[in-house]
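# Close look at the chain arrangement
Here is what each chain is made of, one letter per residue.
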Amino acid sequence: MKILVVGGGGREHAIVAKVSQSKKAEKIYCAPGNAGISELAECVDIPVMEFERLADFACEKEIDLVIVGPDDPLVGGIVDVLKKRGLKVFGPDQRAAILEGSKAFSKDLMKKYGIPTAAYESFDSSEEALSYVKDAKLPLVVKADGLALGKGVLICNTREEAENAVRQIMIEKNFGEAGNKVVVEEFLTGREVSVLSFVDGKTILPMTSAQDHKRAKDGDQGLNTGGMGTFSPSPFYTEEIDSFCREKIFQPTVDAMAKEGREFKGIIFFGLMLTEDGPRVLEYNARFGDPEAQVVLPRMKNDILEVMQACINGRLNEITLDFTDNAAVCVVLASDGYPLKYEKGIEIKGLSAFSKKDGYYCFHAGTKKQDGKIVTNGGRVLGITALGEDLKKARENAYEAVKWVDFSNKYYRNDIGKAIDEA
Ligand code: AMP
Ligand code: GLY
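What comes next concerns the included structure. (Residues numbered from 1 in each chain as written. Chains lettered and ligands numbered in written order. Predicted model: local features only at pLDDT ≥ 70, side-chain atom pairs only at ≥ 80, totals over all residues. Heavy atoms only, no water.)

Another aspect to go through is the pattern of salt bridges. Any two side chains of opposite charge can pair if their charged atoms end up close together. Scanning the model with the defined rule gives 24 salt bridges in all. Arginine 191 is paired through a salt bridge with glutamate 422; the nearest N and O atoms lie 2.6 Å apart. Of this pair, arginine 191 sits in strand β10 (residues 191-200) while glutamate 422 sits in the segment after β22 (410-411), and the two are 231 residues apart along the sequence. Taking the relative accessible area as the measure of exposure, glutamate 422 reaches 54% and is therefore exposed. Residue glutamate 396 pairs with lysine 393 through a salt bridge whose shortest N-O separation is 3.5 Å. One end of the pair is glutamate 396 and the other is lysine 393, both in helix α12 (residues 391-401) and three residues apart, which spans about a single turn. For lysine 393, a relative accessible area of 34% gives the class partly exposed. Members of the salt-bridge network, linked through shared partners, are Glu52, Asp56 and Arg85. (Salt bridge = Lys/Arg side-chain N within 4 Å of Asp/Glu carboxyl O. Helix = DSSP H or I, 4+ residues; strand = E, 2+ residues; numbered from the N terminus. Buried < 20%, exposed > 50% of the residue type's maximum accessible area, 1.4 Å probe, protein only.)

For ligand 2, the full set of nearby residues is Asp212, Gly226, Phe269, Asn285, Arg287, Gly289, Asp290, Pro291 and Glu292. In the model, an oxygen atom of ligand 2 is placed 2.9 Å from a nitrogen or oxygen of the arginine 287 side chain. The contact in question runs from an oxygen atom of ligand 2 to an N or O atom on the backbone of aspartate 290, over 2.9 Å. When ligand 2 is considered free in solution it has 200 Å² of accessible area, and contact with the protein chains removes 90% of it. Residues of the shell around ligand 2, tallied by class, amount to two nonpolar, three polar and four charged. (Near = heavy atom within 4 Å. Polar contact = N/O pair within 3.5 Å; in protein donor to acceptor, adjacent residues only side chain to side chain. Areas by Shrake-Rupley, 256 points an atom, 1.4 Å probe, with all protein chains shown as cover. Nonpolar A, V, L, I, M, F, W, Y, C, P; charged D, E, K, R; others polar.)

Our next topic: the site of ligand 1. Of all residues adjacent to ligand 1, which total 14 residues, the nearest are Glu185, Glu186, Leu188, Glu192 and Glu283. One of the side-chain N or O atoms of lysine 214 is found 2.9 Å from an oxygen atom in ligand 1. Within the side chain of glutamate 283, one N or O atom sits 3.0 Å away from an oxygen atom of ligand 1. Notes on ligand 1: free accessible area 470 Å², of which the protein chains cover 92%.

So this is what it looks like as structure tokens:
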């Protein structure tokens, strides 16, 4: 099969790496890709939002399967454009990707179908939102309705913060059109877990669990980022919790989407909070997580192309997912200053250390080739993943491997996976 992967970050590197292990894969293209991906796939310089150009390319190369990584093109309707041109695509169409694209939609869906989530109200007028937060219970969470790079969620401990959050999102439009509506939500406490799952419209197959670290600094301090590191599996996601989620959250979500005439095919990523009263959905994503994919996919034993084809053909019930009985930890190496201001174009040294080591992966997120060297090209630069027989060993291995590569403004969190010590 000829495959085109759309995207160019760490998640797409992990996807390309997994696809390259499939016996079915003859040739892999990636648009736009990055320096690491170019070792495994032919990178094509087409931006992810240029759907017609991507369609032209895929038709010309007679691509058998297009795999879409990021949220923006999915929510923007890339799958519809490619399908119209007769291409096979892994990912939800626009009507289904709204599950991630609108938090007001997903909250209303959960309310209508009794799927456990935080209590909320949504507003499309700033006056109404402001008047609501005047006497709502604190702390509360104010969320921009649309996509905001994971940054449109503001946790507010005081009334002043809540009012400012509404103003920033709805009046100052800090997140653009994503702030036309807001969701104001009850604040939940507990452990967070991510469960990514394959969906074919009817059947859902959850993968092994993972946990992200969204804040920039150790001890969950600093600004929210796209994700600074992950581990898998989560020791807090027990079998009992898993059974509850399958019955009360996962299957009901898939069935609800089908009932709404928005049949979902692709990946549903459940962001869950394990509260004292049981698991609650914090958010849905319509794609693999980044950097969740970097710990989940290295542990997957299945041929990913077989699973993706089963999703497209509605035959996921014939598949059993299988994961290795070990653990993985991914530490993100970022450019100092991320997620705000940072320098790019800095040479990365030591990358060859990964080429011969089983159980260690260096997923490129923001890198490019320049004058024969590999240089930094983004806030998140590399995702260093290591496997181990258990989480502690995987973490030790990951932090060992973090030392193998260097660039002058390298920054990372020292406490990825620290929570496992409490398990
Ligand atoms: P989201 O993009 O909706 O997952 O929100 C980003 C992050 O904000 C989550 O990973 C949580 O850490 C936090 N968050 C979101 N909603 C809530 C909530 N209702 N209660 C507490 N924390 C939340
Ligand atoms: N790591 C969180 C996300 O991909 O949304």
